[in-house]
Amino acid sequence: MRNWVITKNNGRIDLNSIPELTIQELRLEIIKMNKRVIAFFGQNWSDNKVKLFVVLADDKNAELYVSSALFLNNEKTYESITKDIPSFHVFEREFYEQFNIEPIGHPWLKPVRSHKKDYDFFKMDGDEIHQVAVGPIHAGVIEPGHFRFMCNGEMVYHLEIMLGYQNRGIEKLILANPTNQLAESICGDSVIGHNLAFSNVIESLKDIKITKRARLIRTLALEMERIGIHIGDLGAISGDIAYLMGASVFGATRTLVINTMLEFSGSRFGRGLVNIGGVNFDIDDKKIDNAIKTLNKVEKDVSRMVKTMLKSSSVVSRLEKTGVVSYEKAKEIGLVGMAGRACGVDLDSRFDFIDEIYESLNIERKNIKAKGDVNSRFKLRYREIKQSISIAIKILNILKTDFKEDVIVDGNFDYKKDSFAISVVEGWRGEIVHIGITDMNSNLSRYKIKDASFNNWYGLALAVRNNGISDFPLCNKSFNLSYSGNDL
């Protein structure tokens, strides 16, 4: 395929091998390919030009397609791709915001992160219509974000979400100081997911091969992170429907999981565990035995509480048919991860881009009867908790008996010049994508990050339509999206 170069997850390709098309040619290629977009971003190029990179995923064949287009100095517009493929909507908005190259015909060309006081909110007319504004400052420790509801009485017609208050310039900071400490601070509830993607990219760019034991510990940490956050979310959902027993039990059970991570790494959230070249800490037999015992208890406690809750008609009545996103809409706008799977969009990077570790564990892919409502998102979390506990215990047993080797190798190597490396990691929230590019002098010249929240915030906006405004906290918790993961 002369207009695309094909690579694999965690692979490195020659930057000069990526085809360079006109934007008109690239647009037609994207539409013809009919594959899922996972990256669409620009880089300042020579002579004040801008190069657009596009990465499409062929999930069935575990392949990634990469191409590019060069915008000349006088090219400041192109025909929007979103008109034909709606899932490009937020990608094109971000590209326009960063490089001022306008996608003509884009139906919703609003800022993604940068905004001014005169932000043009969507408006509706009518005697019964009123607006409800929430945020950006919230009670407690919630991060800042503004929610503007258009309502008729208690019924929500439309929700517009304005973010960008957490915009820290992470991608530029990584160029200046590419460290694991910065990567694990991208999104505080996805420490392992983002740090793992970052480490994969840097290791690919430096051609570093880590040991099997280190890879097993990394996978264990990723699944422990999934278990802990999912349990916490079950508790948050319980709290929002006033099921206080569930909130208490899940809160206490989550603590068992994150305290086990504390035993592994000295941090309940896994900070300092993953490092370029492997991991900083091995896990001895005593910690392994304690972790297996704890996880077996966690599985029993979570199962007992979930089954008790779902026997309650008052619980089910609050979860079923609340915050519904149809399969068609989820597919159209590009929902990923847990939120997408709960709508029937069967994407999971652990299986679509399966690596040696997951393949060796022989894990069964978990699905539910997806209806796209809060109930589906609740049940899917429960299924994934059980699945991740099974994965974690399998890995712990392997670590106890096999691969008695170093967990860290030397990572002090130069970057390979003119390289493009990509890593896709299935964080608990969904697909995390990191991309690193080096120049002819072996310097890191561009770093691109995409959290699953980037895809999914608009899904929350759709979920609350035709629901009572009092259902918003429940819908919001059932997605549990990241402000900082989106804002970067």
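Refer to the preceding data block for the structure.
Residue positions within a chain follow its written sequence, with the count starting from 1. Local features in this predicted model are restricted to residues whose pLDDT is 70 or higher, and side-chain atom pairs enter the listing and the counts only when it is 80 or higher, whereas totals over whole chains, interfaces and linings include all residues. In computing side-chain properties, one takes all heavy atoms of the structure into account and sets aside hydrogens as well as water.

Caption draft 1: A look at the packing of helix α6 (residues 212-240) against helix α16 (residues 472-479). Geometry is summarised by axes, namely lines fitted to C-alpha atoms with helices restricted to the contacting stretch, and by angles between N-to-C directions that run from 0 to 180 degrees. Every helix listed is a DSSP run of H or I at least four residues long, and every strand listed is a run of E at least two residues long, numbered separately from the N terminus. Direction vectors running N to C along α6 and α16 enclose 175°, while the axes themselves pass 9 Å from each other. Of the possible angle classes, the one that applies to α6 and α16 is roughly antiparallel. Seen from α6, the contacting residues are A236, I237 and D240; seen from α16, they are P473, L474, K477 and S478. The residue makeup of the contact of α6 with α16, split by class, is four nonpolar, one polar and two charged. Oblique is the label for any angle not under 35 degrees, not over 145, and not in the 65 to 115 range, which are roughly parallel, roughly antiparallel and roughly perpendicular in turn. The contact definition used throughout considers only heavy atoms, calling two residues in contact when any of these lie within 4.5 Å. Note that Gly is not counted as nonpolar here; it falls among the polar residues with everything else outside the nonpolar set of Ala, Val, Leu, Ile, Met, Phe, Trp, Tyr, Cys and Pro and the charged set of Asp, Glu, Lys and Arg.

Caption draft 2: Main features of the pattern of salt bridges. We define a salt bridge as a side-chain nitrogen of Lys or Arg found within 4 Å of a carboxyl oxygen belonging to Asp or Glu. All told, the structure shown has 38 salt bridges when counted by the stated rule. Linked by salt bridges that have partners in common, E223, R226, R341, D348, R350, E384 and E426 make up one network.

Caption draft 3: Summary view of the environment of R2. The residue R2 is located in the segment before β1 (5-7) in this model. Throughout, exposure labels follow a simple rule: accessible area from a 1.4 Å probe, protein chains only, divided by the maximum for the residue type, with under 20% read as buried, over 50% as exposed, and the rest as partly exposed. The class for R2 is exposed, based on a relative accessible area of 75%. Linking R2 and L335, residues 333 residues apart in sequence, is a C-alpha distance of 30 Å.

Caption draft 4: Spotlight on the sheet that holds strand β9 (residues 129-134). We treat two strands as partners when DSSP finds at least two bridges between them. Strand order in the open sheet made by the three strands is β9-β10-β11, with antiparallel pairing throughout. Of all strands in the sheet, those bounded by a partner on one side alone are β9 and β11 (155-162). Pairs of neighbouring strands in the sheet enclose a mean axial angle of 20°, with direction left out of account.

Caption draft 5: Fine view of a positive patch on the surface. Where like charges cluster on the molecular surface, the positive patch consists of K307, K311, K321, K366, K369, K371, K379, R383 and K386. A total of three residues in the positive patch trace back to one element, the largest contributor, which is helix α14 (residues 374-401). Within the secondary structure layout, K321 lies in the loop between α9 (313-319) and α10 (327-333). On the basis of relative accessibility, which here comes to 74%, the residue K321 falls in the exposed class. Each patch groups residues whose relative accessible area exceeds 30% and which form no salt bridge, using 9 Å between like charges and 5 Å between nonpolar side chains of Val, Leu, Ile, Met, Phe, Trp and Tyr. Only the protein chains shown count as covering a residue, and every accessible area follows the Shrake-Rupley method with a 1.4 Å probe. Counted charges follow a simple rule, with Lys and Arg positive, Asp and Glu negative, and His plus the chain ends left uncounted. Where a charge lies is defined by one atom per residue type: Lys uses NZ, Arg uses CZ, Asp uses CG and Glu uses CD.

Caption draft 6: How the structure looks around the pairing of strand β4 (residues 36-44). Burial runs high along β4: eight of the nine residues are buried. The sheet contact formed by β4 and strand β5 (residues 50-58) spans eight bridges and is antiparallel. Note on β5: the bridge partner recorded for R36 is A57. Taking the residues between adjacent antiparallel strands as the criterion, β4 and β5 are bridged by five residues, where D47 takes a positive phi near 55°.

Caption draft 7: Summary view of the environment of F269. The topology assignment puts F269 in the loop between α7 (244-265) and β12 (274-275). Separated by 44 residues in sequence, F269 and E225 place their C-alpha atoms 7.4 Å apart.

Caption draft 8: Inspection of the side chain of D373 at higher detail. By the element assignment, D373 lies in the loop between α13 (356-361) and α14. It turns out D373 is buried and unbridged, and the closest side chain with the opposite charge, R377, is 6.3 Å from it. Counted as a polar contact is a pair of N or O atoms within 3.5 Å, where, for protein atoms, one must be capable of donating a hydrogen and the other of accepting one, and residues adjacent in sequence contribute only when both atoms are in side chains. A polar atom in the side chain of D373 sits 2.8 Å from the backbone nitrogen of S376. Those residues in contact with D373, other than ones at most four positions away along the chain, are L319, E320, K321, T322, G323 and V324.

Caption draft 9: View of the packing of aromatic side chains. Pairing of aromatic rings covers Phe, Tyr and the six-membered ring of Trp, with a centre-to-centre limit of 6.5 Å; geometry is then stacked below 30 degrees between planes, edge-to-face above 60, and tilted otherwise. This model, assessed by the stated rule, comprises 18 aromatic pairs. For the pair F147 and Y483, a centre-to-centre distance of 6.5 Å together with 85° between the ring planes defines the contact as edge-to-face. Taken as a pair, F147 in strand β10 (residues 146-152) and Y483 in helix α17 (residues 483-487) lie far apart in primary sequence, 336 residues in all. Both residues of the pair, F147 and Y483, belong to the buried class. Joined through ring pairs, the aromatic side chains of F40, F71, Y78, F88, F95 and F99 make up one cluster. Taking the ring centre of Y415 as reference, the NZ or CZ of K206 above it sits at 5.0 Å. Each ring is checked for a lysine NZ or an arginine CZ that lies within 6 Å of its centre and within 35 degrees of its normal; such an atom marks a charge sitting over the ring.

Caption draft 10: Inspection of helix α1 (residues 23-33) at higher detail. Three or more residues of α1 are buried, namely I23, L26, R27, E29, I30 and M33. Projected onto a plane normal to the axis of α1, the buried residues spread over an arc of 165° and lie on a single side. Opposite the buried face of α1, by more than 90 degrees, sit the exposed residues L28 and K32. In the core, the buried residues of α1 are packed alongside β3 (20-21), β5, β6 (63-71) and β7 (77-79). Of the residues trailing α1, N34 is marked for its positive phi of about 55°. Note that the arc is computed from the directions linking the helix axis to the C-beta atoms.

Caption draft 11: Looking closely at the side chain of H434. Mapped onto the secondary structure, H434 falls in strand β15 (residues 431-438). Within the structure, H434 has its side chain in polar contact with the side chain of Y447 (distance 2.8 Å).

Caption draft 12: Main features of the nonpolar core. Buried Ala, Val, Leu, Ile, Met, Phe, Trp, Tyr and Cys residues form a nonpolar core when they are joined through side-chain atoms within 4.5 Å. The biggest cluster of nonpolar side chains holds 74 residues, and the ones touching the most others in it are L220, M224 and V302. Within the second largest apolar cluster, 28 residues are counted, among which are F147, L163, V336 and A463.

Caption draft 13: Up close: the sheet that holds strand β14 (residues 419-426). If you walk across this open sheet you meet the four strands as β2-β14-β15-β16, and the pairing is antiparallel. The open sheet has two edge strands, β2 (12-14) and β16 (444-450), and neither has a second partner. Along the sheet, successive strands turn relative to each other by an average axial angle of 15°, direction set aside. Across three bridges, the pairing between β2 and β14 is antiparallel. Pairing of D14 across the sheet is with S419, part of β14.

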